[in-house]
Amino acid sequence: MAKNKSIWRSIGKILAYTAGFFVLLILGLFIYLWIVARMQPPDIADKSALQWQRKQLDSTAYTLGNSWFRKSRSGLYEMYVEGKPFERGVVYGKLAEELVQRQEDHFTEQIGKMIPSKTYQHFLKYLIGWFNRNMDRNVPEEYKEEIYGVSFAASPNYGFIGTNYQRIMNYHAAHDIGHALQNLALVGCTSFGTWNGRSEDSSLIIGRNFDFYVGDKFAEDKIVAFYRPDKGHPFMMITWGGFTGVVSGMNMQGLTVTINAAKSEIPSGSATPVSLVAREILQYAGNIQEAYAIAAKRKMFVSESFLIGSAADNRAAIIEKTPDSIALYDPRGNEISCANHFQSQQLGASQANREQLAGSASPYRYERLQQLLERNGKNSVAKTIAILRDQRGLNDADIGMGNEKALNQLIAHHAIVFKPKEKIVWVSAAPWQLGEFVSYDLNKVFAMKGLASDHEICDSSLIVPKDSFLLTDNYRKFMDFRRLKQAVMDGEEIDVQQITADNPAYYHAWVIAGDYLFKRKQFAEAKKYYQQALTREIATVPEKEHILRQIEKCDKQK
């Protein structure tokens, strides 16, 4: 008996030592992650800009020197900043402080909805910190200084996530991390251009939908930003509070940049965020070849397509870039289209791209775009906007409102149209790309010498009206569908018949209803909804596989 007790005591000690070892290992791991995840801000010799104060013109308009910030009648915010990197970052933060803080509130709120577990959120914080541990080494000093300047306006409520500088820097890689870790691409963007014989006036026209979705609130406060940096070209871009990277923009050389995510392998570490590569191109390139040279010298950790429009070249081309390779896709015609797959001979044949073509909505959207371009004949700004707003599938099929296979998925953060030769841009107002397209003439905006009084700076004569879809019963039904979908996500009770009645052609409405019933163990009824989903146009192969698995599970429960 004593011998047995001795054995059990020995086993207990071993287990205790083992448990202690793993606790110390985990503690050591978190200490290591905390150390390597910390980013040191750049050393700024002159921080006197932090003492500057904005001047209020009215409730939504401010100035600081020649820089200014205002809210347009359209609901779009407009901002002009100039100067050296740290100074313009500080000015950005001071002018748009409320938006910088509100945007972080919205971002963290959405992350909380996506990842409700506090434990996993903390783990993810360290994981992302480790993942981005070398990111600032791959960011040009100029942009580190600018981001540092903006960070002084960041919210005081999120110190548990990281320092202001660390958080704002990491947010610039949110796009990259999202589609690298989950291959989401946060749905899919579409862009295209026409010129010479494919445009009514022979000029270059570029259009794009930016379908980056991080919750409805994230898209509420869009900023049309005009930058006059101390080096490089003046430019405009569409952004949000605290973000200095570029997803859509045009410079005063008539060069445009838009980005489209491609399928990526899971990377081992960080590099330069896509948005900051696009920013460098927009600020320093004047033609396609210069844009390519900038992209080639930067290391990225995800795969991306950069559609570059160039007034100097009077054409557009696509720079396709992965962490390992780069290619220039030039169709050698008078039009170009870009979805979420590569088209060059070099990268189009890659395994990742073949998987993207086989399993995603990208090729379907691309084909629909070709149909519309061919049908419309010679393109114009009005026709470009009509294409960006199109909700139909191939051959005008009704594939449901919000389908990822549609060009207009009713989630766009913004849509934008450029005429590079004239330096004119059209930006969509809410909701999505359905609101009016507000026009800005960059020649006029950059000729302004400050903002003495609050007034509209858009070109009202060129505004394109709201989409008539907003006046239809289908729009009301779609909004009700979204409300019910959110209710399901929040664990509330819904009428499953109503959610499918609101959006009957959309496969996902039937999947939501099926999942809702399956969770409540109503397997026979759930199967009926899944079977209905299979008769609709399903966006991706993984979603179809989910439906088939659920039907199998329903059958096993009989």
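Structure's up top.
This structure is a prediction, so every number in the text was calculated from the model and none was measured. (Residues numbered from 1 in each chain as written. Predicted model: local features only at pLDDT ≥ 70, side-chain atom pairs only at ≥ 80, totals over all residues. Heavy atoms only, no water.)

What about helix H2 (residues 85-95)?
Owing to its 3.6 residues per turn, the α-helix brings residues three or four apart onto one side. Along H2, 10 of the 11 residues are buried, which leaves the element largely enclosed by surrounding structure. Within the span of H2, buried status applies to Pro 85, Phe 86, Arg 88, Gly 89, Val 90, Val 91, Tyr 92, Gly 93, Lys 94 and Leu 95. (Buried < 20%, exposed > 50% of the residue type's maximum accessible area, 1.4 Å probe, protein only. Helix = DSSP H or I, 4+ residues; strand = E, 2+ residues; numbered from the N terminus.)

Topic: the nonpolar core
By size, the foremost hydrophobic cluster in this structure holds 67 residues, and its most contacted members are Phe 69, Met 79, Tyr 92, Val 257, Ile 281, Phe 306 and Ile 308. Here this core takes six residues from helix H8 (residues 274-284), the largest share from any one element. For Ile 308, the residues in contact, after removing those within four places along its chain, are Leu 255, Thr 256, Val 257, Ile 281, Ile 288, Ala 291, Arg 315, Ala 316, Ala 317 and Ile 319. If you look at the next biggest cluster of nonpolar residues, it comprises 35 residues, including Phe 481, Ile 499, Tyr 506 and Ile 551. (Core = buried A, V, L, I, M, F, W, Y, C linked by side-chain atoms within 4.5 Å. Contact = heavy atoms within 4.5 Å.)

Looking at the environment of Lys 71
Mapping Lys 71 onto the fold places it in strand S3 (residues 67-71). A relative accessible area of 33% places Lys 71 in the partly exposed class. Along the chain, Lys 71 and Ser 59 lie 12 residues apart, while their C-alpha atoms are 9.2 Å from each other.

Considerations on unusual backbone geometry
A cis amide bond, omega 0 degrees, links Ala 430 with the succeeding residue Pro 431. Note on placement: Pro 431 falls in the loop between strand S16 (424-428) and strand S17 (437-441). Positive phi, close to 60 degrees, is recorded for Arg 332, a residue that is not glycine. Looking at the secondary structure, you find Arg 332 in the loop between strand S13 (326-329) and strand S14 (335-338). Classification of Arg 332 as exposed rests on a relative accessible area of 70%. With a phi angle near 50 degrees, Trp 432 is a residue other than glycine that sits in the positive phi range. Relative to the elements of secondary structure, Trp 432 occurs in the loop between S16 and S17. Taking relative accessible area as the criterion, Trp 432 reaches 11% and is therefore assigned buried.

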